[in-house]
Amino acid sequence: MGGWIPPAPGTQASVTRTFSHADVEAFAALSGDRNPLHFDADFVLGTPFGRLIVHGGLTTGLFNALVAEQLPGPGSVFLHQEWDYPAAVGIGEAVTAVVEVIEARDDKPITRLRCHAALADGTEVLRGESLVYTVVPADP
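Along every chain, residues carry numbers that run from 1 in the direction the sequence is written. Only residues with pLDDT of at least 70 are given local features in this predicted model, and only at 80 or more are side-chain atom pairs given and counted; all residues enter the totals for whole chains, interfaces and linings. Values shown for side chains rest on all heavy atoms present in the structure; no hydrogens or waters enter the calculation.

A separate point is the overall build of the protein. A run of DSSP states H or I qualifies as a helix once it reaches four residues; a run of E qualifies as a strand once it reaches two. Both are numbered from the N-terminal end. Helix and strand counts for the protein come out as four helices and five strands. For the protein, the succession of helices and strands along the chain, N to C, is β-α-α-α-α-β-β-β-β. Seen through its C-alpha atoms, the protein measures out along the principal axes to roughly 55 × 30 × 20 Å. Here the protein holds 140 residues, and 35% of them are scored as buried. Note on contacts: a residue pair qualifies if any of its non-hydrogen atoms lie within 4.5 Å across the two residues. Considering only contacts within the protein whose residues lie at least 6 apart along the sequence, 65% involve residues at least 24 apart. With an accessible surface of roughly 7,600 Å², the protein has 54% of that area assigned to carbon and sulfur atoms. Note on exposure labels: buried denotes an accessible area under 20% of the residue type's maximum, exposed denotes more than 50%, and partly exposed covers the range between, all computed with a 1.4 Å probe on protein chains only. Each accessible area is a Shrake-Rupley result for a 1.4 Å probe, and residues are judged covered by the shown protein chains and nothing else.

Okay, structure coming up:
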């Protein structure tokens, strides 16, 4: 396929982000999700989290950015996502998201990625895989 250069297995990209209360509020305004786990400090004290946590959508949003901006890159969209959330991300905690190429097709611009996110102390907060299609514009 013209223009498609499949990324090599093992290729990685990462991004680190610390989500603020303002980020959580903006996501809630867009999504309508005002779960007290994200906003009510008294509520979360009685939960296993013990702190205000960010929406899972903010964590997975890091993978949207990685896929669209870095690996495979511009024109890429998700075909399938399979993610587990073994732990939560607290507001103000740095989280690093990493994608790694498991395989990339030669005949179509499709890439399978391993996805992993962790806090600075190594606590895993997301793991899984995604299948990505990369739109390759036709040559003019």
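So that's the structure; there's more coming.
To continue, consider the sheet that holds strand β5 (residues 124-134). Strand pairing follows a simple DSSP-based rule, namely that at least 2 bridges must link the two strands. The strand order β1-β3-β4-β5-β2 describes an open sheet built from five strands, whose pairing is antiparallel. With partners counted over all chains shown, the strands left at the sheet margins are β1 (12-18) and β2 (76-84), one partner each. When the angles between neighbouring strand axes are averaged without regard to direction, this sheet yields 20°. Pairing of β2 with β5 involves eight bridges; the strand directions are antiparallel. To define axes, lines are fitted to C-alpha atoms, for helices over the stretch in contact only, and angles between the resulting N-to-C directions are given on a 0 to 180 degree scale.

So, about unusual backbone geometry. Comment: phi is negative for the bulk of residues other than glycine, and the bulk of peptide bonds are trans. Between Leu-71 and Pro-72 the backbone carries a cis peptide bond, its omega angle lying at 5°. Tracing the backbone shows Pro-72 in the loop between α4 (56-69) and β2.

Formed by 29 residues in total, the largest nonpolar core has its most connected members in Val-54, Phe-63, Val-95, Val-99 and Ala-117. Mapped onto this core, the elements with two or more residues apiece are α4, β3 (94-104), β4 (110-119) and β5. Take this core: its biggest share by element is five residues, from α4. Leaving out residues up to four positions away in the same chain, Ala-117 has contacts with Thr-59, Phe-63, Val-95, Thr-96, Ala-97, Thr-123, Glu-124, Val-125 and Leu-126. Nine residue types can take part in a nonpolar core, namely buried Ala, Val, Leu, Ile, Met, Phe, Trp, Tyr and Cys, and a core is a set of them joined through side-chain atoms within 4.5 Å.

Turning our eyes to something else, we now look at helix α1 (residues 21-31). Along α1, the positions that sit buried rather than exposed are Asp-23, Val-24 and Ala-28. When α1 is viewed along its axis, its buried side chains cluster within an angular range of 135° and face the same direction. Pointing more than 90 degrees away from the buried face of α1 are the exposed residues Ala-22, Ala-29 and Leu-30. Any N or O atom pair separated by 3.5 Å or less is treated as a polar contact, with the protein-specific requirement of one donor-capable and one acceptor-capable atom, and with residues adjacent in sequence counted only for side-chain atom pairs. For α1, the N-terminal capping position is held by Ser-20, with its side-chain oxygen 3.3 Å away from the main-chain nitrogen of Ala-22. Remark: Gly-32 follows α1 within two positions and exhibits a positive phi of approximately 85°. This arc is built from the directions going out from the helix axis to the C-beta atoms.

Helix span is expected to be 1.5 Å times the residue number reduced by one. Compared with an ideal rise of 1.5 Å per residue, which puts 14 residues at 20 Å, α4 spans 20 Å between its outermost C-alpha atoms and is within 8% of the ideal. When α4 is considered as a whole, its buried residues turn out to be Leu-58, Thr-59, Thr-60, Leu-62, Phe-63, Leu-66 and Val-67. Buried residues along α4 sit in contact with β1, α1, β2, β3, β4 and β5.

Here we take up a nonpolar patch on the surface. Patch building starts from residues that exceed 30% relative accessible area and form no salt bridge, then joins like charges within 9 Å and nonpolar side chains (Val, Leu, Ile, Met, Phe, Trp, Tyr) within 5 Å. Just to be clear on terms, a salt bridge is a Lys or Arg side-chain nitrogen sitting within 4 Å of an Asp or Glu carboxyl oxygen. A cluster of nonpolar side chains, Val-77, Leu-79, Tyr-133 and Val-135, forms an exposed patch at the surface whose accessible area comes to about 330 Å². Within the secondary structure, Leu-79 is located in strand β2. For Leu-79, a relative accessible area of 49% puts it in the partly exposed group.

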